Amino acid sequence: SLGFRGEALSSLCNIADLTINTKRAGDETGWSLKYDHLGNLVSKEKVSKNNGTQVLVKGLFKDLKVRHIEFKKNHKN
């Protein structure tokens, strides 16, 4: 099991483009981690970043047309 957060991130990989930007206190640089739709790490790049973690989700439901239409219809700004 990947745990609750791991399972959630794995599910997001299935339905969107997922990038995680992270930097731990004490580290000189941060990392940008990009994952494919199967949850495999496809790129790892050093980045300049403040401490912390940012999860970027792009193209939510883009490959699931019916879900994408429903998402756009019900999306609240």
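Scroll up to find the structure this text is about.
Residues numbered from 1 in each chain as written. Predicted model: local features only at pLDDT ≥ 70, side-chain atom pairs only at ≥ 80, totals over all residues. Heavy atoms only, no water.

1. Comments concerning the sheet that holds strand β3 (residues 41–47)
Rules: Each pair of strands is called paired provided DSSP finds at least two bridges between the two strands. Here a helix means four or more residues in a row that DSSP labels H or I, a strand means two or more in a row labelled E, and each is numbered from the N terminus. Lines fitted to C-alpha atoms define the axes here, with helix axes fitted over just the stretch in contact, and angles between the N-to-C directions of these axes take values from 0 to 180 degrees.
An order of β3-β2-β1-β4 is seen for the 4 strands of this open sheet, with the pairing classed as antiparallel. The open sheet has two edge strands, β3 and β4 (52–58), and neither has a second partner. On average, each strand axis in the sheet is tilted by 15 degrees relative to the strand beside it, whichever way the strands run. Strand direction decides the pairing type here: strand β1 (residues 17–23) and β4, joined by 7 bridges, are antiparallel. Within β4, the residue paired with T22 across the bridge is T53.

2. A look at the side chain of K23
Applicable threshold: Only protein chains enter the calculation, and the probe is 1.4 Å; a residue is then buried if its accessible area is under 20% of its type maximum, exposed if over 50%, and partly exposed in between. Working convention for charge: Lys and Arg count positive, Asp and Glu count negative, and His plus the chain ends are omitted. A pair is scored as a salt bridge if a Lys or Arg side-chain nitrogen falls within 4 Å of a carboxyl oxygen belonging to Asp or Glu. Any pair of nitrogen or oxygen atoms within 3.5 Å is treated as a polar contact; in protein, a donor-acceptor pairing is required on top of that, and neighbouring residues in sequence qualify only through side-chain atoms on both sides. The contact definition used throughout considers only heavy atoms, calling two residues in contact when any of these lie within 4.5 Å.
Within the element layout of this structure, K23 appears in strand β1. This buried residue, K23, is left without a salt bridge; D27 holds the nearest opposite charge, at 6.9 Å. Within the structure, the side chain of K23 is placed 3.0 Å from the backbone oxygen of D27, a separation counted as a polar contact. Once residues lying within four places of it in the same chain are set aside, the contact partners of K23 are E28, T29, G30, K49, N50, N51 and G52.

3. Re the environment of L60
Note on placement: L60 falls in the loop between β4 and α2 (65–74). You can call L60 partly exposed: its relative accessible area is 23%. Sequence separation between L60 and S10 is 50 residues; the distance between their C-alpha atoms is 13 Å. Excluding residues that lie within four positions of it along the chain, L60 makes contacts with I15, A16, H68 and F71.

Function cannot be inferred from these measures alone, as they are strictly geometric.
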